Amino acid sequence: MSLKIHNNNLSFSKMESAIDTVLESLIKTEGVKGVLVADAHGLCIGARGIANPNCAGFVTAIATHAKALNDDPNSQAPTTKIETDNSWVYLISLSFHFL
């Protein structure tokens, strides 16, 4: 399914294609079993592999709280690592602003 909504000359189908390209590239990386991208509100933008799209809100909340542990508002968000018996989960928070 391709969603084609145009707003300020931005085609969401092109943005969706770009996100799909990044997700496919990441999931092909050696050792990567799942990739999930969520927005700042916890909405799942995309997921591949074993990543559960229903966890997007939880992942966003953990990343948000990890950033709150640092008193410097100008610091970059930390990378959070969650370890289980058989895997590691890395949460990396990136901010992109479009005008």
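Just so you know, these numbers come straight off a predicted model, no measurement behind them.

Details of the overall build of the protein chain
Inference 1: A tally of helices and strands in the protein chain yields two helices and six strands.
Inference 2: Each helix and strand of the protein chain, ordered N terminal to C terminal, gives the series β-β-α-β-β-α-β-β.
Inference 3: Taking all 99 residues of the protein chain together, 16% fall into the buried category.
Inference 4: When contacts within the protein chain are restricted to residue pairs at least 6 apart in sequence, long-range pairs at least 24 apart make up 10% of them.
Inference 5: Counting only carbon and sulfur atoms, one obtains 58% of the accessible surface of the protein chain, whose full area is about 8,200 Å².

Digging into a nonpolar patch on the surface
Inference 1: There is a patch of nonpolar side chains on the surface, built from Trp 88, Tyr 90, Ile 92 and Leu 94 and spanning about 490 Å² of accessible area.
Inference 2: Considering the arrangement of structural elements, one finds Tyr 90 in strand E6 (residues 88-92).
Inference 3: Using a relative accessible area of 46% as the deciding quantity, one classes Tyr 90 as partly exposed.

Regarding the confidence of the model for the protein chain
Inference 1: Mean pLDDT for the protein chain: 82, with 83% of residues reaching 70 or above.
Inference 2: Confidence, read as mean pLDDT per element, is least for strand E1 (residues 6-7) in the protein chain (47) and greatest for strand E4 (residues 44-49) (94).
Inference 3: Across residues 1-9, confidence stays below pLDDT 50; counting only partners more than four residues off in sequence or on other chains, it has twelve contacts.

A look at the environment of Asp 20
Inference 1: Tracing the sequence through the fold places Asp 20 in helix H1 (residues 12-27).
Inference 2: Classification of Asp 20 as partly exposed rests on a relative accessible area of 29%.
Inference 3: It is 8.9 Å that separates the C-alpha atoms of Asp 20 and Ala 47, two residues lying 27 residues apart in sequence.

Each value, and the rule that gives it
- Residues numbered from 1 in each chain as written.
- Predicted model: local features only at pLDDT ≥ 70, side-chain atom pairs only at ≥ 80, totals over all residues.
- Heavy atoms only, no water.
- Helix = DSSP H or I, 4+ residues; strand = E, 2+ residues; numbered from the N terminus.
- Buried < 20%, exposed > 50% of the residue type's maximum accessible area, 1.4 Å probe, protein only.
- Contact = heavy atoms within 4.5 Å.
- Areas by Shrake-Rupley, 256 points an atom, 1.4 Å probe, with all protein chains shown as cover.
- Patch = residues over 30% accessible without salt bridge, like charges linked within 9 Å, V, L, I, M, F, W, Y side chains within 5 Å.
- Salt bridge = Lys/Arg side-chain N within 4 Å of Asp/Glu carboxyl O.
- pLDDT = per-residue confidence, 0-100.

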